[in-house]
Amino acid sequence: MRLLSMSIAALIVASSISIPTPTLANQDQLAANICNYVASDDKNRLRKKLKESRVKLRNIYNGVSCNGDSLLRFAMKNGANAVGTFVAKRLPASHLGKTESDGLTVAAWAASNGHSASEITIAINDRLAGG
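Quick caveat: nothing in here was measured; it's all calculated off a predicted structure. (Residues numbered from 1 in each chain as written. Predicted model: local features only at pLDDT ≥ 70, side-chain atom pairs only at ≥ 80, totals over all residues. Heavy atoms only, no water.)

Caption draft 1: Seen up close, the state of the cysteines. Evaluated as defined, the whole model comprises 1 disulfide. Two residues share a disulfide in this structure: C35 and C66, whose sulfurs sit 2.0 Å from each other. On the sign convention where negative means left-handed, the S-S torsion of about -85° between C35 and C66 marks this disulfide as left-handed. Taken together, the residues span a long stretch of sequence, with C35 in helix 2 (residues 24-39) and C66 in the loop between helix 4 (57-60) and helix 5 (71-77) at a distance of 31 residues. This pair shows no difference in class: C35 is buried, exactly as C66 is. (Disulfide = S-S within 2.5 Å. Helix = DSSP H or I, 4+ residues; strand = E, 2+ residues; numbered from the N terminus. Buried < 20%, exposed > 50% of the residue type's maximum accessible area, 1.4 Å probe, protein only.)

Caption draft 2: Region of the structure containing the packing of helix 6 (residues 81-90) against helix 9 (residues 119-128). Contact geometry for helix 6 and helix 9: axes closest at 8 Å, N-to-C directions at 10°. Compared by their axis directions, helix 6 and helix 9 come out roughly parallel. Contact with helix 6, carried on its side by N81, G84, T85, A88 and K89, involves E119, I120, A123, I124 and R127 of helix 9 and no other residues of that element. Looking at the contact of helix 6 with helix 9, its residues break down into 4 nonpolar, 3 polar and 3 charged. (Axes fitted to C-alpha atoms, helices over the stretch in contact; angles between N-to-C directions. Parallel < 35°, antiparallel > 145°, perpendicular 65-115°, else oblique. Contact = heavy atoms within 4.5 Å. Nonpolar A, V, L, I, M, F, W, Y, C, P; charged D, E, K, R; others polar.)

What follows is the structure in C-alpha cells.
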C-alpha cells in the first residue's frame, strides 16, 4: 500500500512539471528568420529552421506576418517561388481558401495584383483543386 501511495504521489509531481514554452523573444526571432528565408527564397534553410524549432508550418502560418503580408503574399512580392510553392504544398487547402484581413483569398489577391501566372499561384490553385 505504501508503494502504491508513493507511486501516485510521484505521478502527481511529475504531471505538475511543465515544459517551458518558447518565450516571446524566441517566437519573434523565429518569425524574423522565417521572413528572411522567404525573402531570400531559401527553402532549405526554412525547412531546417522549422525542423529545429519543432514547429509545423500549418500551425504557425496564421501567426507569422512579413511586412504586414502573409507568407504567401510576401513570397509572391519577393519572387520567392521555391519557398512559396513549398509553403503552398505544406498548407491544407482550408488555409489557402481563407480570406485574409483585406477580404481576399491569396489566390484572389494574386490575380488582382498581377501574380496570377506565378508558380506560387499555380501551386495554390492545384492544392485548392485537390491536387
